[in-house]
Amino acid sequence: MKHTVKTAALLLAIFALASCERELSAEEKAARFTYPDKSGEAEVLYNEGDTLTDGDFTFTVDPNGDLTLTEYRGIDTTVIIPEKSEGMRVTAVGDGVFAENSTLTTVEFSRYVTEIGDRAFFNCVNLLRILGTDNVKYVGAHAFTGTAAASYSDKEFVTVGSDILVAYKGQGGAVTVPEGIRIISTAFAGREGITEIKLPRSLKYIGSSAFEICCDLVSIDVPGGTVAIGDRAFAGCAALTDIYIPFDVSELGENIFDECSGALEVLCMAGSHAESYCLEHGICIKE
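Bear in mind that the values here come from a model prediction, so they are computed numbers and not experimental data.

Counting secondary structure elements, the chain contains 4 helices and 21 strands. For the chain, the residues scored as buried account for 42% of the 287 residues in total. A separation of at least 24 residues holds for 28% of the contacts in the chain among residues at least 6 apart in sequence. Carbon and sulfur atoms make up 52% of the accessible area of the chain, which totals about 15,400 Å².

Below you can see the structure in the form of structure tokens.
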């Protein structure tokens, strides 16, 4: 008899609990679930094109959810570009951000910075130390023109870091760029007297306006392994008649050969990006 009473009591308790559950609203039931803890993840607060301010820096959100530095309002002599802001990586320094900044003497890029925009440090007359450029893949036109690092060096080939060529101060003629150079910025723009340039096998990126108005340049071979040629890289090279572009080049900017000689012929492989570029822009392909 006691066993029967205990069983009945247990059944009544289960029935009561079930009845209570049926009476709960949908919101109350949902509240019973335990959701994953996302406290360690960056909350998405911004959309593409949004801006945010972090101290002296202003950033803009790019399509990949990373940040481009678009304004600096400080007066420090040393500036360290932050790795992240609001949980998003800072991957680029935008056009003209530090241009004409006469206070800046040292800048250090974070490990995430891969792009430096046009005129980013133009005419920073006291900028002598430029650090952390190992991961940079793109340098815009005149990004370092007029900096102390470029202007005061007495070297023939002036570099930022060890592998970004920003100025050439040699005598011209036939020029051989040394091995180890990975990026050519606006190093040969506006130079006279250079007739031929031999580029190193280490080269990966030819930056915007790298050879613009290098008016006596006749021929140049882009080495295999180079992956990108920036906007207006050879624009205004009026004497240029022969250039070889390897299959490896997969990124070609705008107006690369604007205002070049009508005799210009590009040697490239069938099916390459260079061939497509030439066909699209009416540039003669060398047989």
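Having seen the model, we can carry on.
Turning next to the confidence of the model for the chain. For the chain, the average pLDDT comes to 88, and 84% of its residues sit at 70 or higher. Below pLDDT 50 for its whole length, residues 10-21 participates in 3 contacts with residues either more than four positions away or in separate chains. Per-residue pLDDT stays below 50 along residues 29-42; that stretch engages in 6 contacts with residues further than four places along the chain or on separate chains.

This part takes up the pattern of salt bridges. If you walk through the whole model with that rule in mind, you get 9 salt bridges. A salt bridge links D66 to R89, with the nearest nitrogen and oxygen atoms 3.7 Å apart. Taken together, the positions of D66 in the loop between β2 (57-61) and β3 (67-72) and R89 in strand β6 (residues 88-93) put the pair 23 residues apart, joining distant regions of the chain. By relative accessible area, D66 is classed as buried at 12%. We note a salt bridge from D242 to K286, for which the minimum N-O separation is 2.9 Å. In this pair, D242 is assigned in strand β19 (residues 242-244) and K286 in the segment after α4 (273-281), connecting sequence segments 44 residues apart. On the basis of relative accessibility, which here comes to 34%, the residue K286 falls in the partly exposed class.

Right, let's talk about the sheet that holds strand β13 (residues 173-176) for a bit. Taking strand neighbours across the sheet as the criterion, the 5 strands line up as β13-β15-β17-β19-β21 in an open arrangement whose pairing is parallel. Whereas interior strands pair on both sides, the edge strands pair on one side only; in this sheet they are β13 and β21 (265-267). Between one strand and the next, the sheet's axes are offset by a mean angle of 15°, whatever the strand orientation.

Here we come to the side chain of R191. Along the polypeptide, R191 turns up in the loop between β14 (183-184) and β15 (194-198). In terms of polar contacts, R191 uses its side chain to reach the backbone carbonyl oxygen of Y168, at 3.0 Å. Once you skip the residues sitting within four places of it in the chain, R191 turns out to touch Y168, K169, G170, Q171, G172, I213, C214 and C215.

Before going further, it helps to spend a moment on the environment of G173. With respect to the helices, strands and loops of the structure, G173 is situated in strand β13. Spatially, the C-alpha atom of G173 lies 5.8 Å from that of G193, the residues being 20 residues apart in sequence. Every residue in contact with G173, bar those within four places of it in the chain, is listed here: G193, I194, T195 and E196.

This part takes up the sheet that holds strand β4 (residues 78-80). With parallel pairing, the 3 strands of this open sheet are ordered in space as β4-β7-β9. The open sheet terminates on both sides in strands that have one partner only, identified here as β4 and β9 (129-131). Between one strand and the next, the sheet's axes are offset by a mean angle of 5°, whatever the strand orientation. Note that β4 and strand β7 (residues 106-108) share 3 bridges and pair parallel. Looking at β7, one finds that T78 is bridged to T106.

It is worth spelling out the packing of aromatic side chains at this point. Enumeration according to the criterion identifies 11 aromatic pairs in this entry. A cation over an aromatic ring shows up here: R119 above the ring of F122, its NZ or CZ 4.0 Å from the ring centre.

Looking at the element boundaries, A141 is found in the loop between β10 (138-139) and α3 (148-151). It is 9.3 Å that separates the C-alpha atoms of A141 and I116, two residues lying 25 residues apart in sequence. Leave out the neighbours within four places in its chain, and A141 touches D118, R119, T186, S208 and S209.

Moving on to α4. Listed as buried for α4 are A274, Y277 and C278. The buried side chains of α4 occupy one side of the element, clustering within an arc of 95° when seen end-on. Opposite its buried face, α4 presents the exposed residues L279 and E280, each directed more than 90 degrees away. Packed against the buried residues of α4 are β20 (251-252) and β21. Where α4 ends, the next residue or the one after it, G282, has phi of about 70°, a positive value.

What counts, and at which threshold
Residues numbered from 1 in each chain as written. Predicted model: local features only at pLDDT ≥ 70, side-chain atom pairs only at ≥ 80, totals over all residues. Heavy atoms only, no water. Helix = DSSP H or I, 4+ residues; strand = E, 2+ residues; numbered from the N terminus. Buried < 20%, exposed > 50% of the residue type's maximum accessible area, 1.4 Å probe, protein only. Contact = heavy atoms within 4.5 Å. Areas by Shrake-Rupley, 256 points an atom, 1.4 Å probe, with all protein chains shown as cover. pLDDT = per-residue confidence, 0-100. Salt bridge = Lys/Arg side-chain N within 4 Å of Asp/Glu carboxyl O. Pairing = 2+ DSSP bridges. Axes fitted to C-alpha atoms, helices over the stretch in contact; angles between N-to-C directions. Polar contact = N/O pair within 3.5 Å; in protein donor to acceptor, adjacent residues only side chain to side chain. Phe/Tyr/Trp six-rings, centres within 6.5 Å; stacked < 30°, edge-to-face > 60°. Lys NZ or Arg CZ within 6 Å of the ring centre and 35° of its normal. Arc of directions from axis to C-beta.

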